[in-house]
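So you can see what is in the structure, the chains are spelled out below.
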Amino acid sequence: MTQLHGILPALITPFDEAGNFNAKSCERLLERLYDADVHGVYVCGTTGEGLLQTVAQRKTVAECVLHNSPKDRQVMVQVGAACLSEAIELARHAAQHGAASISSLPPAGFYSFAEVAAYYRALAESTDLPLLVYFMPAGGGAISTVAQMLELCALPNVRGLKFTDHDFYKLSLLKESGATVFNGYDEVLCAGLLMGADGGIGSFYNLVPELFVRLYAQTQTGQWAEARATQRRINELITITLRFPMFGAIKTMLGWSGIDCGTVLPPRRNLTADEARELQRQLSQSVFADAVFARS
Ligand code: MN9
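Everything quoted here is computed from the prediction, not taken from an experiment.

Section: the packing of helix H10 (residues 246-256) against helix H11 (residues 273-284)
And step 1. Between H10 and H11, whose axes approach to 11 Å, the crossing angle comes to 70°. Relative to H11, H10 is oriented roughly perpendicular. Our pair here, H10 against H11, has a crossing hand that is right-handed. Counting all contacts with H10, which are made through Ala249, Thr252, Met253 and Trp256, the residues of H11 involved are Ala276, Leu279, Gln280 and Leu283.
And step 2. Per-class residue counts for the contact of H10 with H11 are 6 nonpolar, 2 polar and no charged.

Considering the packing of helix H8 (residues 209-220) against helix H9 (residues 224-241)
And step 1. Axis separation between H8 and H9 bottoms out at 8 Å; the angle between their running directions is 160°. Here H8 is positioned roughly antiparallel relative to H9, judged by the angle of their axes. With respect to the hand of their crossing, H8 and H9 are arranged in left-handed fashion. For the pair H8 and H9, the contacting residues are Leu211, Phe212, Arg214, Leu215, Gln218 and Thr219 in the first and Trp224, Glu226, Ala227, Thr230, Gln231, Arg233 and Ile234 in the second.
And step 2. A class-by-class count of the residues in the contact of H8 with H9 yields 6 nonpolar, 4 polar and 3 charged.

Let's talk about the pairing of strand E2 (residues 40-43)
And step 1. Neither face of E2 is exposed, since Gly40 and Tyr42 on one face and Val41 and Val43 on the opposite face are all buried.
And step 2. Strand direction decides the pairing type here: E2 and strand E3 (residues 74-78), joined by 4 bridges, are parallel. Its bridge partner lying in E3, Val41 is registered against Val75.
And step 3. You can see the chain leave E2, run along helix H2 (residues 55-67) and come back into E3, and the turn it takes is right-handed.

Observations regarding the packing of aromatic side chains
And step 1. This model, assessed by the stated rule, comprises 3 aromatic pairs.
And step 2. Both rings, one in Tyr119 and one in Tyr120, keep their centres 5.3 Å apart while their planes meet at 75°; by these two values the pair is edge-to-face.
And step 3. Residue classification places Tyr119 among the buried residues on the basis of a relative accessible area of 7%.
And step 4. Centre to centre, the rings of Phe135 and Phe163 are 5.2 Å apart; their planes meet at 45°, and the pair counts as tilted. Here the residue Phe135 occupies a position in strand E5 (residues 131-135), and Phe163 occupies one in strand E6 (residues 158-163), the gap between them amounting to 28 residues. One exposure class covers both Phe135 and Phe163, and it is buried.

Reading the values: the criteria
Counting restarts for each chain, with residues numbered from 1 along the sequence as it is written. With pLDDT at 70 or above as the cut-off, local features in this predicted model cover only qualifying residues; side-chain atom pairs require 80 or more to be listed or tallied, and sums for whole chains, interfaces and linings still use all residues. Hydrogens are left out, water is left out, and the side-chain values use all remaining heavy atoms of the structure. What counts as an axis is a line fitted to C-alpha atoms, over the stretch in contact for a helix, and the angles between N-to-C directions run from 0 to 180 degrees. Working definition: helices are DSSP H or I runs of at least four residues, strands are E runs of at least two. Numbering for both runs from the N terminus. To sort the angles, those under 35 degrees are grouped as roughly parallel, those over 145 as roughly antiparallel, those from 65 to 115 as roughly perpendicular, and the leftovers as oblique. Rotating anticlockwise by less than a right angle from the far helix to the near helix defines a left-handed crossing, while the corresponding clockwise rotation defines a right-handed one. Contact criterion: two residues are considered in contact whenever any of their non-hydrogen atoms come within 4.5 Å of each other. Polar here means any residue other than Ala, Val, Leu, Ile, Met, Phe, Trp, Tyr, Cys and Pro, which are nonpolar, and Asp, Glu, Lys and Arg, which are charged; Gly is therefore polar. Three exposure classes are used, based on accessible area relative to the maximum for each residue type with a 1.4 Å probe and protein chains only: buried under 20%, partly exposed in between, and exposed over 50%. A strand pair is defined by DSSP finding two or more bridges across the two strands. Assignment of crossover handedness uses the view with strands pointing away from the viewer, where a clockwise path from the first strand over the helix to the second indicates a right-handed crossover. Centre distance within 6.5 Å is the pairing criterion for rings of Phe, Tyr and Trp, where only the six-membered ring of Trp is used; planes under 30 degrees apart are then read as stacked, over 60 as edge-to-face, and the remainder as tilted.

Structural data, given as structure tokens:
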């Protein structure tokens, strides 16, 4: 059974100005992330703008990532889509191209828990790959209790959850049941790992992968004070970034670091020139002043 664990950047999908996939930049980003020793990547999630792209383009992105990932890294493809048949199509595609696992957002719209569970059952039964369910109560949705999450985890092929919440008691109960749990809020990764998470999936891992890899390693050897210090450092970057439209800001910073990621897709928006200047000013006064972001 594949062991799913560690630091998985929720990979940014680079586009050109027209919104088409930029494979060159994607390859460069992957190279940088793997050089930093991340354990794998999470493809076309919320961060990777999966639901804002066509199914055809998502397949191109997944193929590029799978083709450019060493065999010993875990590629998890987010297959949630506008309809179940597209999600199943993306799951099959991921399996054909060698993904280690898949994950899916709940179906978009307003559904009961029974309906969401039926969606996950149908998706899980369509594939042999391990599936990670998506838990993010701040985004609304029908999944809220530990009992519901355990019911989903009991479905065939469902291995666990991407857990984007601050209730680490819930996280610990899920871990005790044997589920695989990935922490979803980057600013509290250290806390999630303390309460038993197997790893983390996050947007900011694209920018400072070596810090997240270090934090994970520190927690695995019980260096909690050091891990907390690493988290504090990471959080300086997160706190500044969250003052701006987050995904536009991350793409802008990746651009400054030498990887052109182009535009974000509507309804998201890029930073204005004033916002970009202000972001750069704030970074220049932070511990990240000498880091990659100041290169532009
Ligand atoms: O994938 C991300 N969650 C979403 C994980 O994009 C919904 C996190 O990395 C957050 O963006 C981050 C900021 O709150 O923790």
